[in-house]
Amino acid sequence: MAFQRLEIDYRNVTRCPLCGGMGRERSALRRKHYYFARFEIPLPTDGVSLLECSDCSMLFKSAAPTAEACNQVMSGGATDVWRPKPGRHPALPMMDPYIGDARSFLDIGASNGDLLAQLYEKADRVSAMDVVEYPQCREIVMRNGEYIIGQLEGQLSWSGRPYDVVTAFDVFEHFLDADNAVANLLSFVRPGGYLIVETGDWRTVPVPGDWYYTNLFEHQIFWTRATFDYLAAHFLFSIEEYSQVNHKGRRAMALPKRLALSVITGLAPQPWFRKAMLAAGRDPGHFGAPGLIDHAFVVLKRPHHRSPERLVSARQMDAT
């Protein structure tokens, strides 16, 4: 498959997208192009550095696509990148202790609705949020829930009825404006309810610029325990669990695929192998080794006494 070259606009980022703190360089990307779906997307001429926030330890890119560029790329390729996956959802075993009596669920970045399809039978309401619509997901959520389409950073149109459990798996790294995105997302959680997150923990890797997770076009920010501690303190949530885990997709991977992944990640640094993979339409830099423990599984709880109106962003709280 030949990639289609797509020039996009970037904006410089010098302050933390979550708290506004200053960043200092920790690493840099060594590639010249991103690859997403069928697109080859050149990086900015000056490259992309990875900056650590001095206040909350968020790691963020020094150049991020504009919101318009993100919309252009996602609308043109998201349904090709995220496809339905068979079998029991790999996050469910870790979710089980927190969803026993839950009757309403919202999945952020629901894609094809794989998780919601497996929660539907036990719930009164299952809903989805995403940046583009997936027909399979719409069929699931429109039985008794809502389908919220839009960017978390912006104004959202939804029912206003918060949820017992909100899930966000491999979503927290996508935010361009983490401050507003997190405030909007947490407002979906009812008092006493849970937010369950899985995202990459950048402190688990020795060189962040070589990490496959930072080399994905759609990933702009990278979390660690200190960043979640900051989030919980500002929004008055409690952290019920923080576990370092393998990516949910690799946890459920069958042995033949694990062996194939070992070969891909082992040969990825070789120029000839990279060239061959790109000619076949895949970037070998998008893969993590099958045993890599580079993610965090995080459960946050909203206290019972907080009302369900939109939460105030971290920066707005600092200003009061």
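See the structure printed just above.
Since we're looking at a predicted model, the values are computed, not measured.

Asker: Would you explain the sheet that holds strand β4 (residues 33-36) in this entry?
Answerer: Sheets are built from strands that pair by backbone hydrogen bonding, the pairs being arranged parallel or antiparallel. The sheet built from three strands is open, its strands ordered β1-β5-β4 with mixed pairing. Edge positions in the open sheet fall to β1 (4-5) and β4, since each of these has one partner strand only. Sheet topology places β4 next to strand β5 (residues 39-42); four bridges connect them, and they run antiparallel. If you follow Tyr 34 over to β5, its bridge partner there is Ile 41.

Asker: Would you take a moment to explain helix α6 (residues 225-235) for this structure?
Answerer: For the α-helix, the turn length of 3.6 residues means that residues three or four positions removed from each other point alike. Residues of α6 that are buried include every one of Thr 227, Phe 228, Tyr 230, Leu 231, Ala 232, His 234 and Phe 235, and no others. At the C-terminal side of α6, Leu 236 shows a positive phi close to 60°.

Asker: Where do I start with helix α9 (residues 271-279) in this structure?
Answerer: The complete set of buried residues in α9 reads Phe 273, Met 277 and Leu 278. Buried positions in α9, seen along its axis, are confined to an arc of 130° and lie on one side of it. Exposed and oriented more than 90 degrees from the buried face of α9 are Pro 271, Trp 272, Lys 275 and Ala 279. Considering only its buried residues, α9 is in contact with β4 and α8 (255-267). Backbone geometry just downstream of α9 places Gly 281 in the positive-phi region, at approximately 90°.

Asker: Teacher, can you tell me more about the pairing of strand β10 (residues 125-130) here?
Answerer: Remember that side chains alternate between the two faces of the sheet whenever the strand is regular. Most of β10 sits out of view: six of its six residues are buried. Of the two faces of β10, the one carrying Arg 125, Ser 127 and Met 129 and the one carrying Val 126, Ala 128 and Asp 130 are both buried. Bridge analysis of strand β9 (residues 104-108) against β10 gives five bridges, and the strand direction is parallel. In the sheet register, Phe 105 faces β10, and the bridge partner there is Val 126. Remark: the β9/helix α3 (residues 114-119)/β10 crossover connection has right-handed handedness. Both β10 and strand β11 (residues 147-149) contribute to a ladder of three bridges, which runs parallel. Bridged to Met 129 within β11 is Ile 148. Between β10 and its parallel partner β11, the chain crosses via helix α4 (residues 135-141), and the hand of that crossover is right-handed.

Asker: When you look at the sheet that holds strand β13 (residues 189-200) in this model, what are you seeing that I'm missing?
Answerer: The seven strands are arranged β11-β10-β9-β12-β13-β16-β15 in an open sheet whose pairing can be described as mixed. The two strands at the open ends of the sheet, each matched to only one other strand, are β11 and β15 (238-245). Taking the axes of each pair of neighbouring strands and ignoring which way they run, one obtains an average angle of 15° across the sheet. Contacts from helix α5 (residues 178-186) reach β9, β12 (163-169) and β13 within the one sheet, and its direction differs from that of β13 by about 135°. Those strands touched by α6 are β13, β15 and β16 (295-301), and its axis lies near 165° from that of β15.

Here is what the cut-offs are and how they apply
Residues numbered from 1 in each chain as written. Predicted model: local features only at pLDDT ≥ 70, side-chain atom pairs only at ≥ 80, totals over all residues. Heavy atoms only, no water. Pairing = 2+ DSSP bridges. Helix = DSSP H or I, 4+ residues; strand = E, 2+ residues; numbered from the N terminus. Buried < 20%, exposed > 50% of the residue type's maximum accessible area, 1.4 Å probe, protein only. Arc of directions from axis to C-beta. Contact = heavy atoms within 4.5 Å. Right-handed = clockwise from strand over helix to strand, strands pointing away. Axes fitted to C-alpha atoms, helices over the stretch in contact; angles between N-to-C directions.

From the geometry alone we can't say anything about function, so treat these as descriptive.
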